[in-house]
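So the chains spell out like this:
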Amino acid sequence: MIQIPKNYYQNRLDKARSVLKEQKLDCILIYNSPDEDPGFLPWILGGDIFDTTYLLLTEKEVIIFIPQWFQEEAKKSFDKITTKIIGTPEKTEMVI
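Attention in this report is confined to the structure presented alongside it. (Residues numbered from 1 in each chain as written. Predicted model: local features only at pLDDT ≥ 70, side-chain atom pairs only at ≥ 80, totals over all residues. Heavy atoms only, no water.)

This paragraph deals with the environment of D79. If you trace the backbone, D79 turns up in the loop between α3 (71–77) and β4 (84–88). According to the relative accessible area criterion, D79 is exposed, its value standing at 53%. (Helix = DSSP H or I, 4+ residues; strand = E, 2+ residues; numbered from the N terminus. Buried < 20%, exposed > 50% of the residue type's maximum accessible area, 1.4 Å probe, protein only.)

On to unusual backbone geometry, then. Of note, the phi angle at K24 is positive, near 55°, even though the residue is not glycine. Position of K24 relative to the elements: it lies in the loop between α1 (8–23) and β1 (27–31).

This brings us to the nonpolar core. Nonpolar side chains tend toward joint burial in soluble globular proteins. If you look at the biggest cluster of nonpolar residues, it comprises 20 residues, and the most contacted ones within it are L41, I44, L45, L55, I64, I66 and F78. For this core, the elements supplying multiple residues, two or more each, are α1, β1, α2 (40–45), β2 (54–58) and β3 (62–67). Among the elements that take part in this core, α1 stands out by supplying 4 residues, more than any other. Every residue in contact with L41, bar those within four places of it in the chain, is listed here: I30, Y31, N32, I49, T53 and L55. (Core = buried A, V, L, I, M, F, W, Y, C linked by side-chain atoms within 4.5 Å. Contact = heavy atoms within 4.5 Å.)

Written out as structure tokens, the structure is:
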């Protein structure tokens with residue numbers, strides 16, 4: 001069996017945060033959508049991604065926005081990195 005190092009996903013998160021510094025950004029919004037490449041969000045979170053999952057990454061915080069009916073399941077699923085999980089009232093689409 002292959003052992004995944006404990007800091008494996010934290011290193012991925014750090015790599016994504018390096019984009020913040022390089023591009024002089026305050027935050028990055030990462031999302032998973034059926035019409036977009038679904039690979040990046042699972043890559044950084046290391047777990048199953050629910051429909052309309054959004055990850056807001058700042059220099060100090062990681063926040064996942066997810067439909068509230070998935071909130072308890074999400075707390076069990078997203079255990080590879082420390083994150084704050086916020087349930088949205090409905091299936092949500094971010095508008096920027």
